[in-house]
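Summary of structural features
Read off the chains here:
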Amino acid sequence: MGRRIGPLLLLCASLLAATALPATPTAAAGTGTGAEDAATARSPRPLDQVIPAPASVREKGRPYTITPRTVIRVYDGQSHDRRGNHGGGASKDVRQVAERLAELLRPATGYRLPVTTSPGRDGIQLRLGGHRTLGSEGYRLDVGERAVKLSAREPAGLFHGVQTLRQVLPAAVEARSEQPGPWRIAGGTITDTPRYAYRGAMLDVARHFFPVGAVKRYIDQLALYKVNTLHLHLSDDQGWRIAVDSWPRLADYGGGSEVGGGPGGYYTKADYREIVRYASARHLTVVPEIDMPGHTNAALASYAELNCDGVAPPRYTGIEVGFSSLCVPLERTYDFVDDVIRELAALTPGPYLHIGGDEAHATSHEDYVTFMRRVQPVVAKYGKKAIGWHQITAAPDRGTVAQYWGYDQTGAEERARVAEAARRGTKLVLSPADRAYLDMKYDKDTPLGLSWAGYVSTRRSYDWDPGGYLEGVPERAVLGVEAPLWSETIATSAQLEYLAFPRLPGVAELGWSPAATHDWDGYRERLAQQGPRWELMGVNYYRSPQVPWPR
Ligand code: IFG
């Protein structure tokens with residue numbers, strides 16, 4: 001599958017990456033006051049303009065208006081006493097969601113919006129409970145003149161309901177300074193549950209290192225679209241990004257390079273725990289990836305003893321792929337693998353640990369199979385489920401998830417092997433490179449990104465159905481979708497956002513919304529309304545000509 005990079009492209013990619021590009025052209029600045037905003041403020045936004053599209057929306061009754069007297073009431077269901085009176089308690093998680101809602105609403109409204117556990121018939125009410133069909137991430141939002149009632153079985157569902165609440169309020173709610181109201185929400189009921197359990201985004205922090213703050217910023221943006229998984233590509237040829245106590249040179253030395261020759265960097269364990277904490281508070285699970293046996297030059301450069309010939313190669317700052325391999329016959333390799341997986345698993349509360357497996361062109365097929373057969377049980381030994389790029393189906397192991405990254409040029413036999421593994425029980429996460437790869441250029445004029453899988457316009461990234469995408473793969477085999485963003489040509493949040501927006505919300509919608517809601521003409525209108533929100537959030541999005549942006 002590998003892709004050879006011509007010297008010219010290599011040169012321009014490293015030039016791009018090495019020089020801090022001026023922030024890419026963004027939408028016209030300013031939130032635009034104009035008559036249309038005033039009109040929107042008076043008549044509330046319709047309830048069905050949310051991304052991802054909710055499972056069911058029924059508009060009825062009069063709107064709710066947030067006022068200076070509005071309170072946010074938290075209930076957690078279980079803490080009612082026998083007479084049904086609220087016991088005044090509210091679990092920490094429910095309060096945390098309520099506080100996050102308050103933090104979101106207070107700056108733009110200028111209202112106090114106290115969070116209280118005292119019961120009442122008014123206000124914005126968050127409660128655990130609701131019908132079991134809501135599952136672990138679903139919610140129900142009832143908007144009436146007296147009160148907004150948000151209920152869910154789990155705090156994650158309440159959190160997702162809050163993201164919907166954000167979007168049914170005027171875009172001005174995203175401002176961090178006081179805006180004119182009124183703050184109206186159309187009356188009605190939204191009942192919503194996700195189609196897929198795995199709704200992911202991957203950030204490659206190996207080609208270019210992204211500090212904790214930049215990762216947190218992306219997490220905030222992903223949470224708005226109910227993404228629930230952040231896959232961090234922590235190691236590659238150009239850099240090793242996570243401290244490993246038993247192999248300190250991996251980060252100390254292997255973390256000191258990146259594409260284009262910049263300083264690189266790495267996460268200490270404390271940094272990594274902070275990313276996990278921040279993600280978890282926004283109901284995202286972190287999936288760490290240590291790519292093996294290929295894409296390992298940074299590790300091989302850090303420890304001569306890991307190389308078959310005992311000689312460490314130099315650190316690498318280009319963007320070629322497929323030239324490195326761990327030494328499969330060498331026993332020391334498996335001490336390294338065991339130590340790294342053990343330490344990473346201990347840092348990972350989530351169920352998955354990604355072990356890569358892509359583009360191992362410097363590893364013979366039999367060595368690849370030998371390696372994967374030895375390593376997958378190590379992941380299980382440390383209590384995690386393995387995920388690998390779909391080449392890992394060459395060494396199928398019960399419970400291992402395969403992440404499909406093929407594209408329209410992928411051969412039928414390769415697709416067939418993935419489908420066969422799925423029929424035998426392998427679960428899939430779909431990341432088709434010519435749909436979900438956010439580092440693909442939008443078109444020939446896009447200043448950032450690559451194009452080996454073709455140009456991926458905003459529409460092309462949205463217009464596919466994960467359910468029927470891979471021939472011969474039963475729907476039940478698909479865990480969900482993930483949008484990878486490789487960082488050969490990006491080094492800053494502004495550049496990340498230029499490639500991720502506006503395509504990321506589309507992949508998020510494919511992961512969350514029922515197939516029946518899938519319609520580009522309707523979606524593009526909803527996507528257009530995200531523009532003013534991104535301007536207020538400072539998201540440096542690409543103004544795709546395919547989208548009717550409001551101004
Ligand atoms: N393929 C490589 C990535 C990255 C990507 C850039 C996978 C699984 C091309 N492997 O995608 O390391 O270089 O688009």
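Computed from a predicted model, the values in this text were never measured in an experiment.

Scanning all chains against the criterion turns up 35 salt bridges. Close ionic contact of Arg73 with Asp122 constitutes a salt bridge, the shortest N to O distance being 2.7 Å. Linking Arg73 in strand S3 (residues 72-75) with Asp122 in the loop between strand S4 (115-116) and strand S5 (123-128), this pair joins segments that are 49 residues apart in sequence. You can call Arg73 buried: its relative accessible area is 10%. Residue classification places Asp122 among the partly exposed positions, given a relative accessible area of 31%. Residues Glu525 and Arg524 are paired through a salt bridge, measuring 3.6 Å at the closest nitrogen-oxygen approach. Judged by its relative accessible area of 38%, Glu525 is partly exposed.

Further remarks concern the pairing of strand S12 (residues 285-292). With 7 of 8 residues buried, S12 lies mostly within the body of the structure. Sheet topology note: the S12/strand S13 (residues 352-356) ladder contains 2 bridges and is parallel. Note on S13: the bridge partner recorded for Glu289 is His354.

Once that is clear, we can look at the sheet that holds S12. Strand order in the closed barrel made by the 8 strands is S10-S11-S12-S13-S14-S15-S16-S17, with parallel pairing throughout. Taken over all neighbouring pairs, the strand axes of this sheet differ in orientation by 30° on average, direction set aside. Helix H9 (residues 332-346) contacts S12 and S13 of the sheet and is inclined by roughly 170° relative to S12.

Two aromatic rings are characterised by how far apart their centres lie and by the angle between their planes. Within this structure, the stated rule accounts for 26 aromatic pairs. Each ring, one from Tyr462 and one from Tyr523, has its centre 3.9 Å from the other, and the planes form 5°; the classification is stacked. With Tyr462 in helix H12 (residues 458-462) and Tyr523 in helix H15 (residues 520-528), the pair connects residues that are 61 residues apart, well separated along the chain. We classify Tyr462 as buried; its relative accessible area is 1%. Note on Tyr523: relative accessible area 1%, which makes it buried. Ring-pair connections join several aromatic residues into one group, and the members of that group are Trp389, Trp405, Tyr407, Tyr437, Trp452 and Trp486. In this structure, Lys226 packs its charged tip against the face of Trp512, placed 5.5 Å from the ring centre.

This part is about the confidence of the model for the chain. Should pLDDT be low for a region, the predicted coordinates there are not to be read in detail. With 90% of its residues at a pLDDT of 70 or more, the chain has an overall mean of 92. This model gives residues 1-5 a pLDDT under 50, and the stretch forms 22 contacts once residues within four places in sequence are excluded. Segment residues 7-33 is flagged for pLDDT under 50; beyond a separation of four residues in sequence, or across chains, it makes 41 contacts in the model.

With that settled, consider the site of the ligand. Inspection of the region around the ligand gives 15 residues, with Asp358, Tyr437, Asp439, Trp452 and Glu488 positioned closest. Glu359 places a side-chain nitrogen or oxygen 3.4 Å from a nitrogen atom of the ligand. Glu488 places a side-chain nitrogen or oxygen 2.6 Å from an oxygen atom of the ligand.

Further remarks concern unusual backbone geometry. Note that the residue after Ile51, namely Pro52, is joined by a cis bond; omega there is -5°. The topology assignment puts Pro52 in the loop between helix H2 (34-42) and strand S1 (56-59).

For Gln403, the location among the structural elements is in strand S15 (residues 401-404). Here Gln403 falls in the buried class, since its relative accessible area comes to 0%. When the C-alpha atoms of Gln403 and Gln391 are compared, they prove to be 8.7 Å apart, with 12 residues separating the residues in sequence. With residues near it in sequence (within four places) discarded, Gln403 still touches His231, His354, Ile387, Gly388, Trp389, His390, Val429, Ser431, Glu482 and Pro484. Only 2.8 Å separates the side chain of Gln403 from the side chain of Glu482, close enough to count as a polar contact.

What counts and how
Residues numbered from 1 in each chain as written. Predicted model: local features only at pLDDT ≥ 70, side-chain atom pairs only at ≥ 80, totals over all residues. Heavy atoms only, no water. Salt bridge = Lys/Arg side-chain N within 4 Å of Asp/Glu carboxyl O. Helix = DSSP H or I, 4+ residues; strand = E, 2+ residues; numbered from the N terminus. Buried < 20%, exposed > 50% of the residue type's maximum accessible area, 1.4 Å probe, protein only. Pairing = 2+ DSSP bridges. Axes fitted to C-alpha atoms, helices over the stretch in contact; angles between N-to-C directions. Contact = heavy atoms within 4.5 Å. Phe/Tyr/Trp six-rings, centres within 6.5 Å; stacked < 30°, edge-to-face > 60°. Lys NZ or Arg CZ within 6 Å of the ring centre and 35° of its normal. pLDDT = per-residue confidence, 0-100. Near = heavy atom within 4 Å. Polar contact = N/O pair within 3.5 Å; in protein donor to acceptor, adjacent residues only side chain to side chain.

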